[in-house]
Each structure stands twice: as structure tokens, then as C-alpha cells.
Amino acid sequence: MTDYNIPGEANSDQLGILSSLGDYNSAWLAVGAKLVVPVPAGSRVDDALVQRITEGCRTGGADAVLMVAIGSETACRTWRPIAPDIAASELVGFGPPLLLASSDRQGAILFPRPGYVLVAGTAGFLKGAVPEGVDGGRARFGRYVRTAAKRWPELKDISQSFSPRHIAWARAREIPAGTGAARQVNLMQAFTAGSISGADFARGWLDARRTSQDNGERLRDPLLTAFDQIFSLLEDYSIDPALKDPDDLSDEELMDAVRKTMERTDGF
């Protein structure tokens, strides 16, 4: 295992992740434009939390997990590196307050008390730690808070502190200009009007879809179902004519299917 030269007994403040109040250090969050996502949790570290920290390490590029059990005294804060492939056996069962962090300090999971954790990190770390996306995770936590209100009423304040950045759009007219989703709609309109080829539509639409996901943009029905249908259509379409299979959609078939999807969707 890699030696990170981390003291056996160390104040977590020395690593710059936590403030003296026990929450995330604003200076640490500012480096790399880190975002925070509240996530449901029980009373102990479980397999789901271990998967979040190890996947965050994997996508962010770190090769170890650091853990600190946060005590009332500085001397009670102990860090140790844990390789992601053995993290589950090492971490499951620990209770709050504690902090899990990637060895490169690009992401962390703060477990202050039972009921929730705060996942924070760069875009690379959050891609693995919060695969549902920043807004998706925040929206999911808001729904969880409503069901857990009697047990943990304090979670309402946490949810309000980290609300989704984007409204979930249901119709094309609701989507702000300049977003990835708006570009997807524009490409669908241009393609069905015959202004662009099937290959240009497919390439541009999939690129805009990635932009939308990276931006944390969210959709809801009926637009969500329509976009899912378009994505499914493109899985049966080959952008490169040389790689086209006999069963793949032609440009005309793809155009007709996209047009029908738009016509039967109230969102357009």
C-alpha cells in the first residue's frame, strides 16, 4: 500500500477539508469548484456509502480512501489510508461523526450524525460518488426528507441549504436558451425540418446530451420520456455508413421516428 505519510494522530483541520466548526472548509470547497450533495444514510457506514467513496476515488483518480473518526479532542482524530478494493471490510459499521476522503483531497464524505451524509468534491470525484448527478442527488434527498421528517426533522434545513440548481423541465418551452437540453430540442427541430443530416443530428444530439448531464440539467415527463425514446432510436442508428448493419435505421426512418415522437409528446 502507498505510504501517504499521514500522522497516526492528526487534526483533520491540517488537511484543509474541515473547518474548525466541523463542516466543510470554504477554502477547500473553492479549489476545483467543489459542490456538495446531501445523501440519505443510516446510523452506520454501509456498503452504499463505501461504494460512493471508492467510486469517487476511481473516477477522480485517487488510489486510496482516508478515514478520520472525529472526536471531541484533537488527539482522537485518526487518519489512515485504505485501498478502495478493501475499503468495505475496513469501513462498514463505523458510526458518525467521521469523514471519508480521497487520498488526493479532491472529494470527501462527511458523516456528522445519523440520517445523512454530505458528499463533496470536484466534478471528477462526484461523477463516481454521486452518479445520479448533483441536482438528481439533491432532488432525491428532498424526497427522502419528506419521508424521514418524523425521525430526523433537522434534515429539512439540510435539504433547503442544498437545493437543486435547475428546475426539472417538462416542456421544451420551459428550457432556458444556452443549455444542453435546449440544443437537443433545436437539433430535433432542425433534423425533422430537413436542415441537417441524420449523422449530424445524431452526433450533435448525443454531444448535447453529455453537456446536459455534465451541467446537471434535469427533465421530467413528458419531455423525459421523449428524450429517452430519442436516445433509444440513436442506439439503432449508425453515424458511420461503413458500419451500418442491415437492421440499423436509415436517415429517413430515423427522421420519421423523431417526428412522431415530437408529435405525440405534449412537451413540444
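Sequence order sets the numbering: in each chain, residues are counted from 1 along the sequence as written. Owing to the predicted nature of the model, reporting of local features is limited to residues with pLDDT of at least 70; listing and counting of side-chain atom pairs is limited to 80 or more, with chain, interface and lining totals taken over all residues. With hydrogens and water stripped out, all remaining heavy atoms of the structure feed into the side-chain values.

Here's the deal with unusual backbone geometry
Most of the time, phi is negative for any residue but glycine, and the peptide bond is trans. Test applied: In DSSP terms, a helix is any run of H or I states spanning at least four residues, a strand is any run of E spanning at least two, and both are numbered starting from the N terminus.
In this structure, the amide linkage connecting Pro96 to the following residue, Pro97, adopts the cis form with an omega of 5°. Inspection of the secondary structure assignment puts Pro97 in the loop between helix H3 (87-91) and strand S4 (98-102). One non-glycine residue, Arg105, lies in positive phi territory at about 65°. Position of Arg105 relative to the elements: it lies in the loop between S4 and strand S5 (107-113).

Details of the side chain of Asp248
This is how the line gets drawn: Only protein chains enter the accessibility calculation, which uses a 1.4 Å probe; a residue whose area is less than 20% of its type maximum is buried, one above 50% is exposed, and one in between is partly exposed. The charge count treats Lys and Arg as positive and Asp and Glu as negative. His and the chain ends do not count. Basic side-chain nitrogens of Lys or Arg form a salt bridge, by our definition, when they fall within 4 Å of a carboxyl oxygen of Asp or Glu. Counting of polar contacts relies on pairs of N or O atoms within 3.5 Å, with two restrictions inside protein: one atom must be capable of donating a hydrogen and the other of accepting it, and residues adjacent in sequence are counted only when both atoms are side-chain atoms. Residue contacts follow a heavy-atom distance rule, with two residues in contact if any of their heavy atoms lie within 4.5 Å.
Secondary-structure assignment places Asp248 in the loop between helix H9 (223-235) and helix H10 (251-263). For the buried residue Asp248, which engages in no salt bridge, the nearest side chain bearing the opposite charge is Lys244, 5.3 Å off. At 2.8 Å, the side chain of Asp248 forms a polar contact with the backbone nitrogen of Asp245. Apart from residues no more than four positions distant in its own chain, Asp248 is found in contact with Asp236, Ser238, Leu243 and Glu253.

A short note on helix H7 (residues 180-192)
Which entries qualify depends on this criterion: One fewer than the residue count of a helix, multiplied by 1.5 Å, yields its expected span.
Counted at 1.5 Å a residue, the expected span for H7 with its 13 residues is 18 Å, and the 19 Å between its end C-alpha atoms agrees. Tucked into the core, H7 has its buried residues touching helix H8 (198-214), H9 and H10. Positive phi shows up at Gly194, right after H7, with a value of about 85°.

Examining the packing of H7 against H10
Heads up, the condition is: Axes here refer to lines fitted to C-alpha atoms; in helices the fit is confined to the stretch in contact. Angles between the N-to-C directions go from 0 to 180 degrees. Throughout, the term roughly parallel applies to angles under 35 degrees, roughly antiparallel to angles over 145, roughly perpendicular to angles from 65 to 115, and oblique to all others. Crossing chirality is assigned from the near helix's rotation relative to the far helix, an anticlockwise turn below a right angle marking it left-handed and a clockwise turn marking it right-handed. Ten residue types, Ala, Val, Leu, Ile, Met, Phe, Trp, Tyr, Cys and Pro, are classed as nonpolar, four, Asp, Glu, Lys and Arg, as charged, and the remainder, Gly among them, as polar.
Their axes nearest at 9 Å, the elements H7 and H10 cross at an angle of 120°. Here H7 is positioned oblique relative to H10, judged by the angle of their axes. Crossing of H7 over H10 shows left-handed handedness. Note on element contacts: H10 touches H7 through Asp251, Leu254, Met255, Val258, Arg259 and Met262, opposite Met188, Gln189, Phe191 and Thr192. A class-by-class count of the residues in the contact of H7 with H10 yields six nonpolar, two polar and two charged.

Focus on the pairing of strand S6 (residues 116-121)
The line we're drawing: Any two strands between which DSSP finds at least two bridges are classified as paired.
Across the six residues that make up S6, a large majority, six, are buried. Of the two faces of S6, the one lined by Tyr116, Leu118 and Ala120 and the one lined by Val117, Val119 and Gly121 are each fully buried. Here strand S1 (residues 35-40) pairs with S6 via six bridges, running antiparallel. By the bridge assignment, Val36 is partnered in S6 with Ala120. Sheet topology note: the S5/S6 ladder contains five bridges and is antiparallel. When the bridges of S6 are listed, Arg113 appears paired with Tyr116.

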